[in-house]
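# Chains, contacts and geometry: an overview
Residue strings, one per chain:
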Amino acid sequence: MNQGSTAVNRQVASFEVRLTRYIDPDGRGLAPLPERARDAETLRHMYRVMVETRAIDRKAVSLQRTGQLGTYASCLGQEAVGTAIGLAMREQDVLIPAYRDYAAQFLRGVPPQATFLYWAGDERSMQFPDDVPARHDFPFCVPIATQLTQAVGVAYAIKLQRRHAAVLVSCGDGATSRGDFYEAMNAAGVWGLPLVFVAVNNQWAISVPRAQQTAAQTLAQKAIAAGLPGEQVDGNDVIALRQVLGEALDAARDGHGPRLVEALTYRLHDHTTADDARRYRSEEEVKAAWQRCPILRLRAYLTAQNLWTASDEEQLDAAAAAKAESVAQAYLATTPEPPQAMFDSLYAELPASLRTQREQAGARPAKEP
Amino acid sequence: MNQGSTAVNRQVASFEVRLTRYIDPDGRGLAPLPERARDAETLRHMYRVMVETRAIDRKAVSLQRTGQLGTYASCLGQEAVGTAIGLAMREQDVLIPAYRDYAAQFLRGVPPQATFLYWAGDERSMQFPDDVPARHDFPFCVPIATQLTQAVGVAYAIKLQRRHAAVLVSCGDGATSRGDFYEAMNAAGVWGLPLVFVAVNNQWAISVPRAQQTAAQTLAQKAIAAGLPGEQVDGNDVIALRQVLGEALDAARDGHGPRLVEALTYRLHDHTTADDARRYRSEEEVKAAWQRCPILRLRAYLTAQNLWTASDEEQLDAAAAAKAESVAQAYLATTPEPPQAMFDSLYAELPASLRTQREQAGARPAKEP
Amino acid sequence: MADLNLIEAVNLALRSEMARDANVVVLGEDIGRNGGVFRATVGLLDAFGPGRVIDTPLAENLIAGMTVGLSTQGLRPVAEIQFSGFLYPCIDQIANHASRLRNRTRGRLSCPLVIRAPNGGGIHAPEHHSESMETFFAHIPGLRVVSPSTPARAYGLLLAAIRDPDPVVFLEPTRCYRLFRQAVEDTGEALPLDSAFVDREGSHVSLVSWGAMMHDTRQAADRLALEGVSCEVIDVACLKPLDMDTILASVGKTGRCVIVQEAPRAYGPASEIAANLAEQGLMSLFAPVLRVCGYDTVMPLARLEHAYLPDAACIVDAVHRVLDVAPVA
Amino acid sequence: MADLNLIEAVNLALRSEMARDANVVVLGEDIGRNGGVFRATVGLLDAFGPGRVIDTPLAENLIAGMTVGLSTQGLRPVAEIQFSGFLYPCIDQIANHASRLRNRTRGRLSCPLVIRAPNGGGIHAPEHHSESMETFFAHIPGLRVVSPSTPARAYGLLLAAIRDPDPVVFLEPTRCYRLFRQAVEDTGEALPLDSAFVDREGSHVSLVSWGAMMHDTRQAADRLALEGVSCEVIDVACLKPLDMDTILASVGKTGRCVIVQEAPRAYGPASEIAANLAEQGLMSLFAPVLRVCGYDTVMPLARLEHAYLPDAACIVDAVHRVLDVAPVA
Ligand SMILES: Cc1ncc(C[n+]2csc(CCOP(=O)(O)OP(=O)(O)O)c2C)c(N)n1
Ligand SMILES: Cc1ncc(C[n+]2csc(CCOP(=O)(O)OP(=O)(O)O)c2C)c(N)n1
Ligand SMILES: [Mg+2]
Ligand SMILES: [Mg+2]
């Protein structure tokens, strides 16, 4: 309890939220590029990853439209976020994603066909190869925000085990309305955990706009409730993202505790292929958002800096299309598991009482899948 | 999304938290008293309520110690909070209490023996008379923080029905760690509801000290996460509390939206009679906290202002003791309900399939209660 | 009188009751402008305005708690939870408060509320969208749990649920939302909340189910009829309170019973029905009470979903077994 | 070898396993400095330090989610939920994640975790402290649910739960925490997690229970023995997976079964056992399967708690009924 002051009403605490951006929506640099994203090859690599991710994403949508994939959640317009996450993380770090961080997963070694397999409804999609950084990452998390408290446990373990590693957990703007978001930040603060929270503010949670999720001016300021630093970054500026996330992860790994990064971006696609965004938002809004597209922006910057040519672009487009096509083919070649598979990873060892059920499942005549 | 700025890193929001106090722990006034608690009779009334509440509270503890009451949660040291809440609220407002806001309930017409009956384990305790302000108040809430989202619903209804009323919901410092606390503030902010959150920071949640609940410097700043105003008030200064809560409730009623008030106080007693606080906190700490007792403080102030005499004190002590005794007698005279009562308020009308169970309950031989 | 599918019948009931009773409000995620992810609330925002049609922040625990609060103030809130697997965060408020507030205050405060959600699988939805949630609620004292199997019953039971003075968890069979249409008249007439429906009388075996599995149960009864097996088909509809009288009467007549549920077998609703038969109807049983259920495994993702869900063939098979395989003469 | 009550046996198991396996950590509210509200974790903070003995902020959903996270990192977390009624906020993480992560990743990640909580009433505690929570967990695929009835079983089953590679909900009978003592040796030997215990052999009737009601069940068997009724007494101990083989074998022998539970009757664990008997053991039953249960009402506050809880007299009465009232010759 505060005491001893004689003022009737005095300030006891003050806070601020800052926003970082290095290139503006037209691709103009606002300042010398930061340490972590200044090298030409790094910039080109980020660009390639974003373009390739978009090609794969578009392929998934078209497979869905032609009945070859289940409901799919596109990352259109948000490619910078996944890309920067994937590049900022080190192998030993743990990624606990929501469900649109495809680029981050690809960069950490998840084969893109796993993404397709996931939305086709096949659990093997989240098995991941065992020789890639992602081998210890978490699978997608569908129940919004529930991954956040799990991240606290993972980060606590890392600290207890003195591993030089950090956890990056991502969630959407909608997710910040769930108590889980706050409980997780609060606990991370209490223990000073190596944990970076990324709130991917794409302005919409299905049909609910950001302003209807919260009266807070920024999502970043929600960190104040937990006593953590919170900051905004332009989420369509992959350079700024790469820098801010790199700093946050380094700090976390080095024992300087958790923080919250709000990445400002925009969901250009429908929420999922089962959604029709025209019901709840205007075409003008979407059109305007296209002007801030992270890919166009970086291309404009690279072009202006003479780091990227029309022929580079042509080559990349062709390579990305080929990659997307080969991913689709790999996915389409995967036949479903047998019914018994529903029992085979349920427990480490199937309890005896479930063996009959497993047999029954195997014995039932195959039905339309 | 913010755009158009040319700064690489710029401030986008700033916040502050302020603390209000009118009399210091020694009872010295720090400034002219505020509008809502300046009148001599109001001051004396607040004093009497606090003293009477303490007498009743002590009686409950002694009944428990002698095996005449179940586990009891004392409000020792926190009497100012309940008193100010009870006085700041209007009849049409709705109180949604945690479980230590006894004084507020008494002021709103709940007979103190109901409190005893509650801790004795009798549901009739929360029935409340139907001709008092409390008739539409909520009962105690045992599952920590769960009352907070309910308060959002009540406040939403008030707004929808255009009632000129406000909701006051209280919770402890421990409760602020649950997602419910944040979800409720966040929703209240979205709709600008007539809802005042009071976080009674008594420094402990059973054995967990405030600093282990959160890394936040203040609980008041948690409001920032929801875009609400948050402020601290000295919770042992009933004058400051009365003023701050009165302002908050008036603002809420008049359509100016929700806010969070953190009341800084101290739990002088064990958590409940089932707890032994010596396991986890030092006697020095408790001794020091006694110096800030809200009753001693107001008495010092009143005495210094010549508003209170030794004979006033004597009279009040006797009256409070008599009151506590008569409350105890009224409680002790209440015989338990018959077993069938467990069915009689379960549904508006008992489903036919449960009638047999009700009969069975009535027919079982009475056992040790 | 229009031919409606089940989700349209839900929409009609909401619209109809909101028009009749100004205290009815609906709330949930994406239920306003978007009309609900399954379109249950389409048109309500335009008809009744944002005060009574409330798009909430994304927080199921908030929705549940808020619904409790709303219901204490003379309103009749109907909350939607978007998919069944997101009902879990509501259990705290439902079990600790909604189902208890009347009892806790000895009748002073009460919770006339409805929490609606899709229930069960079969539409190839993503993970957590296809769970069967009956048991979690049916075990909680002080609640009502309802699961309609047809558009007309969805309409009549939802009206009843909204008007009921106590909390109701209303589990809508996702798979039936668009499965078939039925004439549904907007009569404003509610169906009873505590009696099972005897859909079809029969003499050889009682088939007992609810929700989406009623569809397969009826199919099984049709197939069995062709074999000369006469099935009495019962739609439980209200799982809590459970109308055992109707089921006992039926089994008293047929002596055989197969209970069909989509939920995992262990500790599922079928167990409660079978237990009551073993307790109160044992002497009339000619054959074991069989439960046709989902497996005790995690609901698989889309590719194996069909292998999880019981179907008419499973039911026919179970009936054959209780009839000792040999078709009835 | 010490005479321990049940809570001391829990403490011994925790201490013993923490000493044996550095990956075991405990977490919960007030479990560190305070040693737990029931004293289950007394002394652990001093012995193992604050890294492994974690006082959490007050948030059950956090505790559950954090436990999931911890368990994926090679640790073996044992979380305490302070009272049974505060388990509800854990169900989301347990049902949507702990029980599924292995399956979701086809074995790549797993959750070797334990969530412990007191279960049931009988100690005159405040509201929400006395609920019986078995059903909510036993219906969830991928979990184990355990409820010991004696100090020795609490010790051996808790060791097994901690060592088990999958998530276990461990429900400790509150009423037995200090009810009686038993010799418990710190052998480090675990008990099996999927077999029921036949506590007493008998020939006239099978009494089946678990947790606190085992105490009353044993009392009832004692009283019935004086009447010449020979009871086979089974402690289910592990509700999921459920060892029906042992129960079926017993009922195959006795032909009569009474199941005893404290939880509300409807959709309670006893129903699952009875349903299995009606399905697999019907032909050996001489009498209806009776369930002696709590009522389908909210657990009353202290003054009526005794009127809610079933007791030995209720069990004796049910046994008389399955024996057709007349004592066995
Ligand atoms: C607990 C829960 N509630 C509801 C849903 C249904 N749902 C899926 S995505 C979504 C909106 C999420 O918005 P946001 O967090 O902003 O992420 P975004 O989809 O924009 O990436 C909702 C409501 C869910 N998956 N989980
Ligand atoms: C959901 C829940 N978890 C745990 C408890 C047990 N419990 C009762 S009071 C308490 C501490 C509450 O601390 P605080 O919110 O600061 O309130 P105070 O008791 O200090 O007034 C705990 C953990 C509870 N009642 N509800
Ligand atoms: Mg979003
Ligand atoms: Mg406190």
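As the structure is a prediction and not an experimental result, all values here were calculated from the model.

### Let's talk about helix α1 (residues 6-20) of chain D
Residues and elements named next belong to chain D. Spanning 15 residues, α1 covers 21 Å between terminal C-alpha atoms, matching the ideal 21 Å at 1.5 Å per step. By the criterion of burial, α1 is predominantly enclosed, with 11 of the 15 residues buried. N-capping of α1 is provided by N5, with a side-chain oxygen placed 3.3 Å from the backbone N of I7.

### Quick look at the coordination of the magnesium ion (ligand 4)
Residue and element names in this part refer to chain B. Only D173 (OD), N202 (OD1) and W204 (O) from the protein reach the magnesium ion (ligand 4) as donors, at distances of 2.0 to 2.1 Å. Here the donor residues for the magnesium ion (ligand 4) map to a single chain with the spacing D-x28-N-x1-W. With D173 in the loop between β3 (167-172) and α6 (179-191) and W204 in strand β5 (residues 204-205), the pair connects residues that are 31 residues apart, well separated along the chain. The pair D173 / W204 is uniform in exposure class, with both members buried.

### Points about the packing of aromatic side chains
For the structure on display, the rule yields 33 aromatic pairs over all chains. Relative to Y295 of chain C, the ring of F343 of chain A lies with its centre 5.5 Å away and its plane at 75 degrees, an arrangement referred to as edge-to-face. Of the two residues, F343 of chain A is situated in helix α12 (residues 341-344) and Y295 of chain C in the loop between β14 (290-294) and α11 (302-308); the pairing between them involves two chains. Overall, the relative accessible area of 5% leaves Y295 of chain C in the buried class. Relative to W191 of chain B, the ring of Y156 of chain B has its centre 5.4 Å away and its plane inclined at 85 degrees; by these criteria the two rings are edge-to-face. Residue Y156 of chain B is found in helix α5 (residues 146-160), and its partner W191 of chain B is found in helix α6; the two are separated by 35 residues along the sequence. Here Y156 of chain B and W191 of chain B have matching classes, each one buried. Here the aromatic residues Y72, Y102, Y118, W119 and F140 of chain A are joined through ring pairs into a cluster of three or more.

### Considering the interface of chain B and chain D
Each side of the interface is counted separately: chain B has 44 residues, and chain D has 36 residues. Carbon and sulfur atoms make up 57% of the area that chain B and chain D hide from each other, which totals about 3300 Å². Between the two partners, chain B and chain D, sit three salt bridges. For the pair chain B and chain D, the number of links is 13 residue pairs in polar contact (both at pLDDT 80 or more). For the side of chain B that touches chain D, the secondary structure elements donating two or more residues are α4 (112-120), α7 (210-213), α12 (341-344) and α13 (355-363) of chain B. In terms of residue count, α4 of chain B provides more of the side of chain B that touches chain D than any other element does, four residues in total. For the side of chain B that touches chain D, the class distribution of residues is 23 nonpolar, 11 polar and 10 charged.

### Brief notes about the packing of helix α2 (residues 79-88) of chain A against helix α8 (residues 238-253) of chain A
Residue and element names in this part refer to chain A. The interhelical angle for the contact between α2 and α8, taken along N-to-C directions, is 40 degrees, at an axis separation of 9 Å. The angle between α2 and α8 places the two elements in the oblique class. As for how α2 packs across α8, the hand of that crossing is right-handed. Of the residues in α8, those touching α2 at A80, V81, T83, A84, I85, L87 and A88 are V238, L241, R242, L245, G246, L249 and R253. Of the residues belonging to the contact of α2 with α8, the class tally is 10 nonpolar, two polar and two charged.

### Observations regarding the pairing of strand β4 (residues 195-201) of chain B
Residue and element names in this part refer to chain B. Of all the seven residues making up β4, seven are buried; the element is thus mostly covered by neighbouring parts of the structure. Burial along β4 is two-sided: the residues L195, F197, A199 and N201 and V196, V198 and V200 are all buried. Bridge analysis of β3 against β4 gives six bridges, and the strand direction is parallel. Bridge pairing in β4 links G172 to V200. What joins β3 to β4 is α6, and the crossover it makes is right-handed.

### Quick word on the state of the cysteines
Residue and element names in this part refer to chain C. Counted according to the given criterion, the structure contains zero disulfides over all chains. As a non-bridged cysteine, C257 has C231 as the owner of its nearest cysteine sulfur, 11 Å distant. Take C293: it sits in no disulfide, and the sulfur closest to it among the cysteines is that of C314, at 10 Å.

### Structural notes on the relation of the copies chain A and chain B
Superposition record for chain A on chain B: RMSD 0.0 Å, screw rotation 180 degrees, translation along axis 0.0 Å. One copy is carried onto the other by what is essentially a two-fold rotation axis. Distance from the rotation axis, computed per C-alpha, reaches its smallest value in chain A at G179 of chain A: 1.7 Å. Looking at chain A, 100% of its interface residues are interface residues in chain B too, so the copies touch through the same face.

### So, the coordination of the magnesium ion (ligand 3)
Coordination of the magnesium ion (ligand 3) by the protein involves D173 of chain A (OD), N202 of chain A (OD1) and W204 of chain A (O), with metal-donor separations of 2.0 to 2.1 Å. Between consecutive donors of the magnesium ion (ligand 3), the numbers of intervening residues give the motif D-x28-N-x1-W.

### What to know about the site of ligand 1
As a matter of local geometry, ligand 1 sits amid 20 residues, with Y99, R100, D173 and G174 of chain A together with E60 of chain C nearest to it. Mapping the residues near ligand 1 onto chains gives chains A and C. At 3.0 Å, a backbone N or O of A175 of chain A approaches an oxygen atom of ligand 1. Protein contacts shield 95% of the accessible area of ligand 1, which totals 580 Å² for the unbound molecule.

### Comments concerning the pattern of salt bridges
Scanning the entire structure with this criterion turns up 104 salt bridges over all chains. For the salt bridge of D93 of chain A with R253 of chain A, the shortest nitrogen-to-oxygen distance reads 2.7 Å. Placement of D93 of chain A in the loop between α2 and β2 (94-96) and of R253 of chain A in helix α8 is noted, with a sequence separation of 160 residues between them. One salt bridge connects K59 of chain B with E325 of chain B, and the closest N-O pair in it is separated by 2.6 Å. Pair noted here: K59 of chain B is in helix α1 (residues 40-65) and E325 of chain B is in helix α11 (residues 310-332), with a separation of 266 residues, a long-range link. Take E325 of chain B: its relative accessible area is 33%, and that puts it in the partly exposed class. If you follow the salt bridges from partner to partner, you end up with E35, R36, R90, D93, D250 and R253 of chain A in one network.

### Remarks on the site of ligand 2
Around ligand 2, the structure places 20 residues, and the nearest of them are Y99, R100, D173 and G174 of chain B together with E60 of chain D. Residues close to ligand 2 are split across chains B and D. Between ligand 2 and A175 of chain B, the relevant distance is 3.0 Å, taken from an oxygen atom to a main-chain nitrogen or oxygen of the residue. Relative to its unbound accessible area of 580 Å², ligand 2 is 95% covered by the protein chains. A class-by-class count of the residues in the shell around ligand 2 yields 10 nonpolar, five polar and five charged.

### Focus: the interface of chain A and chain B
On the chain B side, the residues contacting the 55 residues of chain A number 55 residues. Taking both sides of the interface into account, the surface hidden between chain A and chain B amounts to around 4800 Å²; carbon and sulfur atoms contribute 50%. Where chain A meets chain B, there are 35 residue pairs in polar contact (both at pLDDT 80 or more). The element contributing the most residues to the side of chain A that touches chain B is strand β1 (residues 9-20) of chain A, with 12 residues. The residue inventory of the side of chain A that touches chain B, partitioned by class, reads 21 nonpolar, 25 polar and nine charged. Where β1 of chain A lies against strand β1 (residues 9-20) of chain B, 11 bridges are found, and the strand directions are antiparallel. When the sheet's bridge partners are listed, R10 of chain A is paired in β1 of chain B with L19 of chain B.

### Notes on the side chain of N11 of chain C
All names here are of chain C. Looking at where N11 falls in the secondary structure, it is placed in helix α1 (residues 6-20). Within the local environment of N11, its side chain forms a polar contact with the backbone oxygen of A40, the two atoms lying 2.8 Å apart. Discounting chain neighbours no more than four positions away, the residues touching N11 are R39, A40, T41, V42 and L44.

### Structural notes on the domain arrangement of chain A
Partitioning chain A into structural domains gives domain 1 (16-333) and domain 2 (338-364). On a C-alpha basis, the centres of domain 1 of chain A and domain 2 of chain A stand 37 Å from each other.

### A look at the side chain of R175 of chain C
For R175 of chain C, the position within the fold is in the loop between β7 (168-173) and β8 (182-184). Beyond its immediate chain neighbours, meaning those up to four positions away, R175 of chain C contacts G121, G122, I123, A212, M213, D216, E262 and L309 of chain C.

### Examining the domain arrangement of chain C
Residue and element names in this part refer to chain C. Entries for chain C in the domain assignment read domain 1 (2-184) and domain 2 (197-323). Spacing between the C-alpha centres of domain 1 and domain 2 amounts to 26 Å. If you look at the interface, domain 1 gives 32 residues, while domain 2 gives 26 residues. Both faces considered, domain 1 and domain 2 share a buried interface measuring about 2200 Å² in area, 54% of it formed by carbon and sulfur atoms. The largest share of the area that domain 1 buries against domain 2 comes from E134, R153 and R175, three residues that together contribute 25% of it. Across the salt bridge formed by R153 and D235, the nearest N and O atoms sit 2.8 Å from each other. At the surface where domain 1 touches domain 2, the tally comes to 14 residue pairs in polar contact (both at pLDDT 80 or more). Residue assignment for the side of domain 1 that touches domain 2 shows that the elements contributing at least two residues are α6 (134-138), β6 (144-146) and α7 (151-163). With four residues, the single largest contributor to the side of domain 1 that touches domain 2 is α6.

Quick notes on the rules
- Residues numbered from 1 in each chain as written.
- Chains lettered and ligands numbered in written order.
- Predicted model: local features only at pLDDT ≥ 70, side-chain atom pairs only at ≥ 80, totals over all residues.
- Heavy atoms only, no water.
- Helix = DSSP H or I, 4+ residues; strand = E, 2+ residues; numbered from the N terminus.
- Expected span 1.5 Å × (residues − 1).
- Buried < 20%, exposed > 50% of the residue type's maximum accessible area, 1.4 Å probe, protein only.
- Polar contact = N/O pair within 3.5 Å; in protein donor to acceptor, adjacent residues only side chain to side chain.
- Donors = N, O, S within 2.8 Å, 3.2 Å for Na, K, Ca; no water.
- Phe/Tyr/Trp six-rings, centres within 6.5 Å; stacked < 30°, edge-to-face > 60°.
- Contact = heavy atoms within 4.5 Å.
- Buried area = accessible area lost by both parts, 1.4 Å probe.
- Salt bridge = Lys/Arg side-chain N within 4 Å of Asp/Glu carboxyl O.
- Nonpolar A, V, L, I, M, F, W, Y, C, P; charged D, E, K, R; others polar.
- Axes fitted to C-alpha atoms, helices over the stretch in contact; angles between N-to-C directions.
- Parallel < 35°, antiparallel > 145°, perpendicular 65-115°, else oblique.
- Left-handed = near helix turned anticlockwise from the far one by under 90°.
- Pairing = 2+ DSSP bridges.
- Right-handed = clockwise from strand over helix to strand, strands pointing away.
- Disulfide = S-S within 2.5 Å.
- Least-squares fit on C-alpha atoms with pLDDT ≥ 70 in both.
- Near = heavy atom within 4 Å.
- Areas by Shrake-Rupley, 256 points an atom, 1.4 Å probe, with all protein chains shown as cover.
- Domains from an automatic or database assignment.

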